[in-house]
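Spelled out from the first residue to the last, the chains are:
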There are 2 protein chains.
Amino acid sequence: MRINDIGERALIERFIQKLGESKGENLEDDCAFIPMGNQYLLLTSDMISKKTHMPSEISAQQIGWFIVAINLSDLAAKGGKPMGLLLSLGLPSDTSLEFVEGIAEGASECASCFNTSILGGDTKEDLELTLTGTAIGKVRKIDLMARRGAKPGDLVGVTGEIGKGGAGLFALKANLPNKLELAHPLFEPMPRIKEGIALARSGTVSASMDLSDGLACSLYQLERINGYGFEIEMEKIPVSIEVKEVINQLGKKEQTSLKKEFLLYSGGDYELLLTIKPQAIDQAVKSIESLGSKLTLIGKVTKEKKIILIEEGKRSLIQNRGYEHFRPKK
Amino acid sequence: MRINDIGERALIERFIQKLGESKGENLEDDCAFIPMGNQYLLLTSDMISKKTHMPSEISAQQIGWFIVAINLSDLAAKGGKPMGLLLSLGLPSDTSLEFVEGIAEGASECASCFNTSILGGDTKEDLELTLTGTAIGKVRKIDLMARRGAKPGDLVGVTGEIGKGGAGLFALKANLPNKLELAHPLFEPMPRIKEGIALARSGTVSASMDLSDGLACSLYQLERINGYGFEIEMEKIPVSIEVKEVINQLGKKEQTSLKKEFLLYSGGDYELLLTIKPQAIDQAVKSIESLGSKLTLIGKVTKEKKIILIEEGKRSLIQNRGYEHFRPKK
């Protein structure tokens, strides 16, 4: 069997299963947890490559920023404080030195923006530009926000606004006049480090992950791990300015279907998706607002293991799809 | 300027310089050191790709073993105890599922052989098979063996036997009849974890790194960091059985030059290169012998900043070369 027959998420599951079945809870999460006294060390690694992650418009500095940001986002989702990063580059031999230095600059800039730094780097020859970042962080054991823990009746919240990634990618593909501006949050995402730390300390969160795979995909991952379903209210999802701008440049008919595509089925948003204990909602919202950030409630956890969208009073099933590498051919 | 004009080590230096000049000591070493109480966390990451690291004879299981082993070797060189690993795969979309599972098996096997485990994994699409491993470990601050610390008069030692990597690669290229047997240590290196821990605890070591880049290259790296030179005695270098076997299949003339090539200028040995305080030699040797392993003294650190080979009473300069990606064209 070839891997393009089974799709990326199924492949990762098979791979992780083979890596050793014993550590179920760790392997299902954004980070590995390593117990150390009253803390967990959090360890995460993300790989990106030219073909799948870097549209031609992205600059070297933005590539450096991106690889650091997406690793930090995995820490953020667990409530982790960053302790440092490593960065490995696989480079075609005709890469220019300026390009490599640009990556280093962007990576350092992102790290320092989130009060951390790159502790080591390495370069190797590769046919395709490939970057791997590793982030290490820490969180008190009692503060850790795992993917597992959601209960029926918990409310579903997201930080910031949604759809930036999908709208940005659409703008690039459609070659919209202000495409670079629209793609800016896609190329230079802001991981929710301080929001993650504040929410973790507030003790109000029952489950957490980032939205890098898109809202629909992420909800299906939480459903599988927790064994419960979700009801999401379309009108409550906070819509990013980029979505509005792209939509405004389209016809009425396209608008509705694309908006849903951006909000539910596109990746590239590095917001946090959280389930929150109902009695602690005010406290959770306050912990975020005091940082000048926003937490929006968009639905709830349900006993019934279905993922439902409520839109203009009508209920429909959210599909289990989003961006996936090695996608099975239709 | 293209990176194939400057060579890999110069490129890594430029890259690391750009990543942030502030952390000199960390960035020159095999691992990043993160202080935590009376310990350092050690963090290291290594990337390999099909073209540069995987001859066609290597199996999926061996690729998995290799990526784990070379990361553990970086911990070993610092005296670190492994706490876990992450493994990211970049895969061409026509890769078979069996191949991916083979990598996972080999990786888990190597990790468990050194009393650790793979804590997380990820797969992405890539044009070329690319693997990144990350290892985390710990060492008491007072035990850490850094690259910096060698003093004139210290003796130079190596664990195990040298030349396995070079001889194995030669056997593959020359298509020798027993090439798979000869390449076994190249494909499945044994990181010197328990030797590194024992030497670190013995307090006898002034500087340490692994020999993955070859003896000559490694000595030049220690020279640059420490500001001192070395005298190495050719006859004292412990020659691996693979070197002897390959040499025996060659003519007299080739024998001498190739032996030197394997012992000095080839990479792929994951032994430790150490400098040891002269008054503590017996203790260092004992700490290793009690594990059933071997420490061989092959020379000394000198005030004069030259790297000299002594062979049959004659002195010559060891060249600063070894295997290097992006090698400048001659």
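Residues numbered from 1 in each chain as written. Chains lettered and ligands numbered in written order. Predicted model: local features only at pLDDT ≥ 70, side-chain atom pairs only at ≥ 80, totals over all residues. Heavy atoms only, no water.

K.L.:
Got a minute to help me understand the overall build of chain A in this structure?
P.N.:
Looking only at helices and strands, chain A has 13 helices and twelve strands in total. Here the C-alpha coordinates of chain A stretch approximately 55 × 55 × 50 Å along the principal axes. Looking at chain A as a whole, 65% of its 330 residues qualify as buried. Of all intrachain contacts in chain A linking residues separated by at least 6 positions in sequence, the fraction that spans at least 24 positions is 85%. As displayed, chain A offers around 13000 Å² of accessible surface, 50% of which is attributable to carbon and sulfur atoms. Of the charged side chains in chain A, 42 are positive and 44 negative, and the gap between their average positions amounts to 7 Å. (Helix = DSSP H or I, 4+ residues; strand = E, 2+ residues; numbered from the N terminus. Buried < 20%, exposed > 50% of the residue type's maximum accessible area, 1.4 Å probe, protein only. Contact = heavy atoms within 4.5 Å. Areas by Shrake-Rupley, 256 points an atom, 1.4 Å probe, with all protein chains shown as cover. Lys, Arg positive; Asp, Glu negative; His and termini not counted. Charge placed at Lys NZ, Arg CZ, Asp CG, Glu CD.)

K.L.:
So what exactly am I meant to see when it comes to helix α11 (residues 241-248) of chain A here?
P.N.:
Given 3.6 residues per turn, any residue in an α-helix points the same way as the ones three and four places further on. Residues and elements named next belong to chain A. Within α11, burial applies to E242, V243, V246 and I247. Relative to the axis of α11, the buried residues are bounded by an arc of 130° and lie together on one face. Residues of α11 that are exposed and point more than 90 degrees away from the buried face comprise I241 and N248. Considering only its buried residues, α11 is in contact with α6 (164-173), α7 (179-182), α8 (184-187) and α12 (252-264). (Arc of directions from axis to C-beta.)

K.L.:
Would you mind going over the sheet that holds strand β7 (residues 205-210) of chain B with me for this structure?
P.N.:
Adjacent strands of a sheet form backbone hydrogen bonds with each other and so pair up, either parallel or antiparallel. Residues and elements named next belong to chain B. Judged by pairing direction, the sheet is mixed, and its seven strands sit side by side in the order β7-β9-β6-β10-β8-β11-β12 without closing on themselves. Two strands bound the open sheet, and with one partner strand each, they are β7 and β12 (314-317). For this sheet, the mean angle separating the axes of adjacent strands, direction not counted, is 25°. Relative to strand β10 (residues 295-302), strand β8 (residues 229-233) runs antiparallel, the two sharing four bridges. Across the sheet, residue E231 finds its bridge partner in β10, namely K300. Sitting on the sheet, helix α4 (residues 60-78) touches β7 and β9 (272-276), and the angle it makes with β7 is about 175°. (Pairing = 2+ DSSP bridges. Axes fitted to C-alpha atoms, helices over the stretch in contact; angles between N-to-C directions.)

K.L.:
I keep staring at the interface of chain B and chain A and nothing clicks. Help me out?
P.N.:
Interface size is commonly expressed as the accessible area that is lost once the parts come together. In this assembly, 71 residues from chain B lie in contact with 71 residues from chain A. Note on chain B versus chain A: buried area summed over both sides is about 6600 Å², and carbon and sulfur give 65% of it. A per-residue breakdown of the area chain B buries against chain A is headed by F15(B), M47(B) and E125(B), which together make up 11% of the total. Viewed at the interface, chain A and chain B are joined by six salt bridges. (Buried area = accessible area lost by both parts, 1.4 Å probe. Salt bridge = Lys/Arg side-chain N within 4 Å of Asp/Glu carboxyl O.)

K.L.:
I tried to follow the side chain of R192(B) on my own but got confused; where do I start?
P.N.:
All names here are of chain B. Looking at where R192 falls in the secondary structure, it is placed in the loop between α8 (184-187) and α9 (193-202). Looking at R192, its side chain comes within polar contact range of the side chain of E271, at 2.8 Å. Once you skip the residues sitting within four places of it in the chain, R192 turns out to touch A76, T159, G160, Y270, E271, L272 and S293. (Polar contact = N/O pair within 3.5 Å; in protein donor to acceptor, adjacent residues only side chain to side chain.)

K.L.:
Would you mind going over the environment of E235(B) with me for this structure?
P.N.:
Residues and elements named next belong to chain B. Mapped onto the fold, E235 is located in the loop between β8 and α11 (241-248). By relative accessible area, which is 55% here, E235 ends up exposed. Residues E235 and I298, 63 residues apart in the sequence, show an inter-C-alpha distance of 8.2 Å. Beyond its immediate sequence surroundings of up to four residues, E235 is in contact with I310, E311 and E312. Separated by 3.1 Å, the side chain of E235 and the backbone nitrogen of E312 make a polar contact.

K.L.:
Help me understand the relation of the copies chain B and chain A in this model?
P.N.:
Between the two copies of the chain lies a rotation about an axis combined with a shift along it. Relative to chain A, chain B is turned by 180° and slid 0.0 Å along the rotation axis, the superposed coordinates differing by an RMSD of 0.0 Å. As the rotation angle and translation indicate, the two copies are arranged about a two-fold axis. (Least-squares fit on C-alpha atoms with pLDDT ≥ 70 in both.)

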